[in-house]
2 protein chains.
Amino acid sequence: MKEGPDIALIGSLIGDPARANMLTALMGGRALTATELATHAGITLQTASSHLSKLEAGGLLSQRKQGRHRYYQLAEDEVGLMLENLMGFAASRGMNRHRPGPKDPALRKARVCYNHLAGDYGVRMYDSLLAEKQIEISGDDLALTSAGQSRVEALGIDYSALTKSRRPICRTCLDWSERRSHLAGSLGEALLTLFIDKGWAKREANSRAIRFTANGEKAFSELFPQ
Amino acid sequence: MKEGPDIALIGSLIGDPARANMLTALMGGRALTATELATHAGITLQTASSHLSKLEAGGLLSQRKQGRHRYYQLAEDEVGLMLENLMGFAASRGMNRHRPGPKDPALRKARVCYNHLAGDYGVRMYDSLLAEKQIEISGDDLALTSAGQSRVEALGIDYSALTKSRRPICRTCLDWSERRSHLAGSLGEALLTLFIDKGWAKREANSRAIRFTANGEKAFSELFPQ
DNA sequence: GGGATGCTTCGATTACGATCGAAGTATGAA
DNA sequence: TTCATACTTCGATCGTAATCGAAGCATCCC
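Read on for an overview of the structure. (Residues numbered from 1 in each chain as written. Chains lettered and ligands numbered in written order. Predicted model: local features only at pLDDT ≥ 70, side-chain atom pairs only at ≥ 80, totals over all residues. Heavy atoms only, no water.)

### Some words on the protein's contact with DNA strand C
Test applied: Any residue with a non-hydrogen atom lying within 4 Å of a molecule or strand is treated as near it. In protein, a polar contact requires one atom able to donate a hydrogen and another able to accept it; more generally it is a pair of N or O atoms within 3.5 Å, and residues adjacent in sequence count only if both atoms are side-chain atoms. In this description a helix means any DSSP run of H or I spanning at least four residues, a strand means any run of E spanning at least two, and both kinds are numbered starting from the N terminus. Under this grouping Gly is polar, as are all residues other than the nonpolar Ala, Val, Leu, Ile, Met, Phe, Trp, Tyr, Cys and Pro and the charged Asp, Glu, Lys and Arg.
Around DNA strand C, the structure places 22 residues, and the nearest of them are A:Thr35, A:Ser49, B:Gln46, B:His51 and B:Lys54. By atom count, sugar and phosphate contribute 73% of the portion of DNA strand C lying within 4 Å of the protein. A distance of 3.0 Å separates a phosphate oxygen of DNA strand C from a polar atom in the side chain of B:Arg19. B:Thr47 has a polar side-chain atom sitting 3.0 Å from a phosphate oxygen of DNA strand C. For the surface near DNA strand C, the secondary structure elements donating two or more residues are helix H3 (34–41), helix H4 (45–57) and strand E3 (69–74) of chain A together with helix H2 (17–26) and helix H4 (45–57) of chain B. The greatest single-element share of the surface near DNA strand C, amounting to four residues, is contributed by H4(B). Along the lines of polarity and charge, the residues of the surface near DNA strand C split into five nonpolar, 10 polar and seven charged.

### Observations regarding the protein's contact with DNA strand D
Of all residues adjacent to DNA strand D, which total 21 residues, the nearest are A:Gln46, A:His51, A:Lys54, B:Thr35 and B:Ser49. Each atom of DNA strand D within 4 Å of the protein was assigned to sugar, phosphate or base; sugar and phosphate come to 71%. Between DNA strand D and A:Thr44 there is a distance of 3.1 Å, counted from a phosphate oxygen to a side-chain nitrogen or oxygen. Secondary structure elements with two or more residues in the surface near DNA strand D: helix H2 (17–26) and H4 of chain A together with helix H3 (34–41), H4 and strand E3 (69–74) of chain B. Across the surface near DNA strand D, the residue classes tally to five nonpolar, 10 polar and six charged.

### Some thoughts on the interface of chain A and chain B
By convention, interface size is frequently given as the accessible area that disappears when the constituent parts associate. Using the following cut-off: Here, residues are in contact when the closest pair of their heavy atoms is within 4.5 Å. Summed over both partners, the accessible surface that disappears when two parts come together, traced with a 1.4 Å probe, is what is meant by buried area. Salt bridges are counted wherever a side-chain nitrogen of Lys or Arg sits within 4 Å of a carboxyl oxygen of Asp or Glu.
Chain A puts 58 residues into the contact, and the matching count from chain B is 58 residues. For the pair chain A and chain B, the two sides together bury roughly 4900 Å², of which 63% comes from carbon and sulfur. Inspection of the chain A/chain B interface yields two salt bridges. Taking the shortest distance from any N to any O, the salt bridge between A:Arg93 and B:Glu76 comes out at 3.4 Å. Summed over the shared surface of chain A and chain B, the number is four residue pairs in polar contact (both at pLDDT 80 or more). Secondary-structure elements contributing two or more residues to the side of chain A that touches chain B are helix H1 (7–15), H2, H3, helix H5 (77–92), helix H6 (103–109) and helix H7 (119–131) of chain A. Counting residues per element, the side of chain A that touches chain B draws most heavily on H5(A), which supplies 11 residues. For the side of chain A that touches chain B, the residue count by class is 26 nonpolar, 18 polar and 14 charged.

### Observations concerning the packing of aromatic side chains
Residues and elements named next belong to chain A. This is how the line gets drawn: Pairing of aromatic side chains requires ring centres within 6.5 Å, counting the rings of Phe and Tyr and the six-membered ring of Trp. Pairs whose planes differ by under 30 degrees are stacked, by over 60 edge-to-face, and all others tilted. Two limits define a charge over a ring: the Lys NZ or Arg CZ must be within 6 Å of the ring centre, and within 35 degrees of the ring normal.
One pass over the structure, following the stated rule, counts 16 aromatic pairs over all chains. Seen in terms of ring centroids, Phe195 and Phe220 are 5.8 Å apart; in terms of plane orientation they differ by 75°. Their pairing is edge-to-face. Of this pair, Phe195 sits in helix H10 (residues 185–197) while Phe220 sits in helix H11 (residues 214–223), and the two are 25 residues apart along the sequence. Every member of this aromatic cluster is reached through a ring pair, and the members are Tyr121, Phe195, Trp200, Phe212, Phe220 and Phe224. Residue placement shows Arg124 over the ring face of Tyr121; its charged tip is 4.8 Å from the ring centre.

### Topic: the pattern of salt bridges
Side chains bearing opposite charge may pair, as long as their charged atoms lie close to each other. Inclusion rule: Note on exposure labels: buried denotes an accessible area under 20% of the residue type's maximum, exposed denotes more than 50%, and partly exposed covers the range between, all computed with a 1.4 Å probe on protein chains only.
For the structure on display, the rule yields 20 salt bridges over all chains. The partner of A:Arg167 in a salt bridge is A:Glu189, with the nearest N and O atoms 2.7 Å apart. Here A:Arg167 is found in the loop between helix H9 (159–164) and strand E8 (171–174), whereas its partner A:Glu189 is found in helix H10, with 22 residues between them in sequence. Overall, the relative accessible area of 26% leaves A:Glu189 in the partly exposed class. Across the pair B:Arg111 and B:Asp175 runs a salt bridge, and its minimum N-O distance is 2.6 Å. With B:Arg111 in strand E4 (residues 111–113) and B:Asp175 in the loop between strand E8 (171–174) and strand E9 (181–184), this pair connects stretches of sequence that are 64 residues apart. For the pair B:Arg111 and B:Asp175, one class covers both residues: buried. Among the charged side chains, a salt-bridge network with shared partners connects A:Glu84, A:Arg111, A:Asp175 and A:Arg208.

Spelled out as structure tokens, the structure:
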């Protein structure tokens, strides 16, 4: 009867509090087991199982069996981007589940957005890359320049591996805390992995917050001057 | 218990089919009365009234009384942008309420996205403005250049009026059909209004489709060469 | 094998919200 | 004033989906 895509379906998937909790937990970027997700959502395993199959059927989650565990994660980058966008909208309306607590500043400073860096640090990195013309905007797409490519390879990232996947290498994602863009895509993921592998940053347990070490802060500032 | 904004609330608002229909109808950009929205959603006036107050409480809709009518519209640009984003996601998953009908091509060619031009024509306009450096990207924000400003004034748009509102003048919005950016913000709205005022384009009744006249197509191609 | 863990399926309960009829309020027209 | 239109509020019904207990299947460990 009506034209256009069906937003009610996705809306109702996200609209259940238990499912929303699971999705928020998965925004941490790690793949989580059904039991872990049940705990996050505060429901029993049976209920969680039912929710998870619905989310999978809706294309929001993907699943892989490993031994007797089932690991769930967001199906694609796009899911993470969409959720972050929704969070941005909700935050701008002051719809918060918790009173702004001590953890909040840490989240605003640096956090993981599905699989890449977000928050103040994410925005700083994005702006710096753009200012130094290592990424550039063409239309809606974001592209790595040749200068950017050699820079990235100098950092020890395997550029050719990035090109092999079907995912876009660079992509913008809107920040709910900063309301600015930061870098998503396979390069965004590779950079965050790099920071952690080098010991510059650590992920806090049970949180999306990322804590930079003193050395890490220094290295980051040198790599991405403001 | 969990950190971050509450996406379940918005999700559940959008998740009800009746409400989703109303929101989709309002993506047409016109303010509609409660009765009209009830018809769009296929429900009685009482039920619609209940839904509308929920949407208003959730910050998705705003309302103004005019005589004995109540006109509802999307509360802000951001609501339209968020919905378009959701539609993009839903469309990419093939979640469509209707089988692709004859109306579809018209929608893909040119349609209204809340209050500005979307579809192929929207993207072409955006790309052209960007290529001729009349708008430029800085960080996440889109800005009108001085060249763009004089160009816009030459078209007969009151630029100073645009600056007076708190809304951003330029803004990008992601297209669900083209999966590319097009121009939103008060300038996007002003341009669409201009096309219609000049008789270059007409809005189809009960649809988001925009039909360009032969003259309109010509003028549009001259204004925004590819 | 036996037992433990991780998860799914089934079935029954429950609770919430969508729905509409009926009645009430406000605005406009005659 | 009287009637009609536009909408809201109240109250009752009804359906659906979330929830969990119990049982079943799969995997791993000993």
